[in-house]
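Geometric and topological summary
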Amino acid sequence: MTVFFIGAGPGDPELLTKKAERIIGECPVCLYAGSLVPPEVVACAPDGAKVMDTAPMTLDDTHAEIKAAHDRGENVARVHSGDPSLYGAIAEQIRRLRADGIDYQIIPGVPAYAAMAAEMKQELTIPEIAQSIVLTRMSMQSTSMPEGETLENFARTGATLAIHLAVRNMREIERVLVPHYGEDCPVVVGYRVGWPDQMLIRGTLSDIRKKVRSEKITRTALIMVGPALREMQDFKDSALYDPSIPHVLRPVTGVDLVEDHNT
């Protein structure tokens, strides 16, 4: 018996990986986070499968269902939104599975920031503008942030920020980031990306809070901040396709290039 932690992606059933869809379709038990995963994602569960929305359940409740399936020798599809490695709350589940000797595997999914970038029709890493993405969140009452992992510290990098679980903290985001990014730095708030009612709200650090408030967005949103989000034409091409820069798969004509197998 195996528990499969499955990344369902941001909500669009068509963004399920083929492997995820196959495993959900084979498991007689399916536990899915219904507050973030639409029922359509797990509609491929086999006929007669036990499909449960875990949104109203506790960790003890879900583990009890898994243990019962283990006793029956039935595989479990444990379906989470996005990619389970990021804010998936699987670490505490894995700890219990290990304690009980229950096997598990992890099936990656499309993370929210990648789905949002696709909807924005933009690349997040622009040559000489931003080459790093910080995935973070704001401190909440339920779970505090580790010392040093502050928005202030991340802002000093100038990197593209993808801020989760923070749409109710727009005022604080503006206060902390403006000194580092400037008032005119572009911001995009993605609401329920991948769902039929998805919304992208574009603005700057000086006006995004007002725009979000007018749309009455209070949850299920991802905030992206950084100069790479600006619609721009004046930036340097990457070296990847530069004909003057050889590499092992595209040597410059007349130049013998030997691949270094030690790199």
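Residues numbered from 1 in each chain as written. Predicted model: local features only at pLDDT ≥ 70, side-chain atom pairs only at ≥ 80, totals over all residues. Heavy atoms only, no water.

An unreviewed UniProt entry annotates the protein as Precorrin-4 C(11)-methyltransferase originating from Roseovarius albus.

With that settled, the discussion passes to unusual backbone geometry. Outside of glycine, negative phi angles account for most residues, and trans bonds account for most peptide bonds. Its identity as a non-glycine residue notwithstanding, A89 has a phi of 55 degrees, on the positive side. Within the element layout of this structure, A89 appears in the loop between β4 (76–80) and α3 (91–99). (Helix = DSSP H or I, 4+ residues; strand = E, 2+ residues; numbered from the N terminus.)

The interhelical angle for the contact between helix α2 (residues 59–72) and α3, taken along N-to-C directions, is 45 degrees, at an axis separation of 11 Å. Comparing the axis directions of α2 and α3 gives the class oblique. The two elements α2 and α3 meet at a crossing, and its hand is right-handed. Together, L59, D60, H63 and I66 of α2 and E92, Q93, R96 and L97 of α3 make up the contact between the two elements. Looking at the contact of α2 with α3 residue by residue, the class counts come to three nonpolar, two polar and three charged. (Axes fitted to C-alpha atoms, helices over the stretch in contact; angles between N-to-C directions. Parallel < 35°, antiparallel > 145°, perpendicular 65-115°, else oblique. Left-handed = near helix turned anticlockwise from the far one by under 90°. Contact = heavy atoms within 4.5 Å. Nonpolar A, V, L, I, M, F, W, Y, C, P; charged D, E, K, R; others polar.)

Attention now moves to the nonpolar core. Side chains that are nonpolar tend, in soluble globular proteins, to be buried together. L161, I163, I173, L177, V189, I223 and V225 are the most contacted members of the largest nonpolar core, which totals 27 residues. Ranked by residue count, the leading element in this core is helix α6 (residues 170–181), at five residues. Setting aside anything within four residues of it in sequence, one finds I223 in contact with L161, A162, I163, A166, V167, M170, I173, V187, V188 and V189. Counting 19 residues, the second largest nonpolar core, distinct from the first, contains Y32, V41, V42 and V79. (Core = buried A, V, L, I, M, F, W, Y, C linked by side-chain atoms within 4.5 Å. Buried < 20%, exposed > 50% of the residue type's maximum accessible area, 1.4 Å probe, protein only.)

Once that is clear, we can look at helix α4 (residues 112–120). Buried within α4 are the following residues: A115, M116, A117 and M120. One or two steps after α4, the chain reaches K121, where phi turns positive at roughly 60 degrees.

Pairing is mixed in the open sheet, where five strands are placed in the order β6-β7-β10-β8-β9. Two strands bound the open sheet, and with one partner strand each, they are β6 (133–137) and β9 (199–204). The mean angle between the axes of side-by-side strands here comes to 20 degrees, regardless of whether they run parallel or antiparallel. Sitting on the sheet, α4 touches β6, β7 (160–164), β8 (186–191), β9 and β10 (221–225), and the angle it makes with β10 is about 70 degrees. Most of the contacts of α6 go to β7, to which it runs at about 170 degrees, and overall it touches β7, β8 and β10. (Pairing = 2+ DSSP bridges.)

For the structure on display, the rule yields one aromatic pair. An angle of 75 degrees between the planes, with centres 6.2 Å apart, marks the rings of F5 and Y104 as edge-to-face. Highlighted residues: F5 in strand β1 (residues 2–7) and Y104 in strand β5 (residues 103–107), separated in sequence by 99 residues. (Phe/Tyr/Trp six-rings, centres within 6.5 Å; stacked < 30°, edge-to-face > 60°.)

This part is about the sheet that holds β4. Read across the sheet, five strands follow the order β3-β2-β4-β1-β5 without closing on themselves; strand pairing throughout is parallel. Each edge of the open sheet is held by one strand with a lone partner, namely β3 (50–53) and β5. Neighbour to neighbour, the strand axes of the sheet diverge by 15 degrees on average, direction disregarded. Taken together, the four bridges between strand β2 (residues 29–32) and β3 define a ladder with parallel strand orientation. Residue L31 lies in a different strand from β3, and its bridge partner there is M52. Packing of α2 onto the sheet brings it into contact with β1, β2, β3 and β4, and relative to β2 it is tilted by some 165 degrees.

This next bit is on the environment of S81. Structurally, S81 is set in the loop between β4 and α3. S81 gets classed as partly exposed once you look at its relative accessible area, which sits at 24%. Along the chain, S81 and Y32 lie 49 residues apart, while their C-alpha atoms are 8.6 Å from each other.

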